[in-house]
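Chain and residue survey
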Amino acid sequence: MKHRLTLLLATLVALPVWAADPVSDWSSATVRKLDPENGRVTLRHGPIPNLDMPPMTMVFRATPEQLQGIKAGDAVRFRVERIDGAFRVMAIEPAGSGN
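First, a word on what this report is: a plain description of the structure on this page. Fair warning: this is a prediction, and the values are worked out from it, not measured in the lab. (Residues numbered from 1 in each chain as written. Predicted model: local features only at pLDDT ≥ 70, side-chain atom pairs only at ≥ 80, totals over all residues. Heavy atoms only, no water.)

1. Overview of the pattern of salt bridges
- If you walk through the whole model with that rule in mind, you get 2 salt bridges.
- Across the pair D74 and K71 runs a salt bridge, and its minimum N-O distance is 3.0 Å.
- Owing to a relative accessible area of 53%, K71 belongs among the exposed residues under this scheme.
- The residue E93 makes a salt bridge to R77 at a minimum N-O spacing of 2.6 Å. Within this pair, whereas E93 is found in strand β5 (residues 86-94), its partner R77 is found in strand β4 (residues 75-83), the two being separated by 16 residues in sequence.
- By relative accessible area, R77 is classed as buried at 14%. (Salt bridge = Lys/Arg side-chain N within 4 Å of Asp/Glu carboxyl O. Buried < 20%, exposed > 50% of the residue type's maximum accessible area, 1.4 Å probe, protein only. Helix = DSSP H or I, 4+ residues; strand = E, 2+ residues; numbered from the N terminus.)

2. Thoughts on the packing of aromatic side chains
- Here the structure, examined in full by the defined rule, presents 2 aromatic pairs.
- An angle of 75 degrees between the planes, with centres 6.5 Å apart, marks the rings of F60 and F87 as edge-to-face. Of this pair, F60 sits in strand β3 (residues 56-61) while F87 is found in strand β5, placing the two residues 27 residues apart along the sequence. Residue F60 shares its accessibility class with F87, and that shared class is buried.
- R77 extends its terminal NZ or CZ atom over the ring of W26, reaching a point 3.7 Å from the ring centre.
- For the cation-ring pair, R79 lies above W26, with the distance from its terminal atom to the ring centre recorded as 5.9 Å. (Phe/Tyr/Trp six-rings, centres within 6.5 Å; stacked < 30°, edge-to-face > 60°. Lys NZ or Arg CZ within 6 Å of the ring centre and 35° of its normal.)

In structure tokens, the structure reads:
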């Protein structure tokens with residue numbers, strides 16, 4: 001019984017995290033080029049549903065910290081938002097690490 005209560009509480013605490021980070025906001029891509037010094041990453045990406053954007057290759061704004069551990073050719077999943085007219089990476093990670 002104690003184990004079930006602990007599991008239930010852990011699920012309830014984590015629930016808002018799941019709700020704030022829906023799977024549909026993540027898109028897949030291949031890293032084509034990194035330019036951390038200028039805060040840019042070029043991605044060949046699939047559809048980006050939250051922006052109603054079709055697949056293409058384009059440059060996104062990203063912080064040097066977000067690009068650490070990623071290299072050209074890597075398969076990644078990422079979240080992007082349009083902020084002040086620029087497409088900014090909100091999160092990026094190797095493909096498969098968040099599943």
